[in-house]
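# Results of the structural survey
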Amino acid sequence: ARADRRSGMIAVTEMLRGLPSERVKRFGFDGLSTYGILAALGQDEVMRVLRACIAAGYVDLTTGDFPMPYLTALGGRVMRAQAASAIRLPRTAPR
């Protein structure tokens, strides 16, 4: 929700992992409340979570040459705990 159609999936996964990449800094993602929220997960794991959110209808992609993820209305309700989530985050050991 916070990234709102400003970047691609890789930058969003880097933001969610809390990586201080050039992309994350350029888009100002390092100042978002969701920065690093999935820091315990690896890049591939976060990408799988993002893809699962797309499949569940919580996230969609813009059309065009460079699709950008954005939160859907359903995703907003799930994020605010106003609707039940159909997916679960993977269990991982703390890093």
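Below, the structure is looked at part by part. (Residues numbered from 1 in each chain as written. Predicted model: local features only at pLDDT ≥ 70, side-chain atom pairs only at ≥ 80, totals over all residues. Heavy atoms only, no water.)

### Details of the overall build of the chain
Counting secondary structure elements, the chain contains four helices and two strands. Along the chain, from the amino end to the carboxyl end, the secondary structure elements read α-α-α-β-β-α. Considering the chain as a whole, with its 95 residues, one finds that 35% of them fall into the buried category. For the chain, long-range pairs separated by at least 24 residues make up 47% of all intrachain contacts whose partners lie at least 6 apart in sequence. (Helix = DSSP H or I, 4+ residues; strand = E, 2+ residues; numbered from the N terminus. Buried < 20%, exposed > 50% of the residue type's maximum accessible area, 1.4 Å probe, protein only. Contact = heavy atoms within 4.5 Å.)

### Considering the nonpolar core
Within the largest apolar cluster, 18 residues are counted, with the highest numbers of intra-cluster contacts made by Met 15, Leu 16, Phe 29 and Leu 38. When sequence neighbours within four positions are dropped, the list of residues in contact with Leu 16 reads Thr 34, Gly 36, Ile 37, Leu 38, Ala 39 and Val 46. (Core = buried A, V, L, I, M, F, W, Y, C linked by side-chain atoms within 4.5 Å.)

### Examining the packing of helix α1 (residues 9-17) against helix α3 (residues 43-56)
For the pair α1 and α3, the least separation of the axes is 9 Å and the interaxial angle reads 115 degrees. Helix-helix and strand crossings are classified by hand; for α1 and α3 the assignment is right-handed. Across the interface between the two elements, Met 9, Ile 10, Val 12, Thr 13, Glu 14, Leu 16 and Arg 17 of α1 pack against Gln 43, Val 46, Met 47, Leu 50, Arg 51 and Ile 54 of α3. For the contact of α1 with α3, the per-class residue count stands at eight nonpolar, two polar and three charged. (Axes fitted to C-alpha atoms, helices over the stretch in contact; angles between N-to-C directions. Left-handed = near helix turned anticlockwise from the far one by under 90°. Nonpolar A, V, L, I, M, F, W, Y, C, P; charged D, E, K, R; others polar.)

### Points about the packing of aromatic side chains
With the rule as written, the count across this model stands at one aromatic pair. Note on Phe 27 and Phe 29: the rings are 5.4 Å apart at their centroids and 25 degrees apart in plane angle, and the pair reads as stacked. (Phe/Tyr/Trp six-rings, centres within 6.5 Å; stacked < 30°, edge-to-face > 60°.)

### Re the environment of Gly 75
Along the polypeptide, Gly 75 turns up in helix α4 (residues 73-79). Judged by relative accessible area, Gly 75 falls into the buried class, the value being 3%. Gly 75 sits 16 residues away from Val 59 along the chain, and the two C-alpha atoms are 6.2 Å apart. Sequence-distant contacts of Gly 75, that is, excluding residues within four places in its chain, are made with Gly 57 and Tyr 58.

### Here we look at the side chain of Glu 14
With respect to the helices, strands and loops of the structure, Glu 14 is situated in helix α1. Glu 14 sits in the buried class, given a relative accessible area of 9%. Sequence-distant contacts of Glu 14, defined by excluding residues within four places in its chain, comprise Leu 19, Ser 21, Arg 23, Val 24 and Gln 43.

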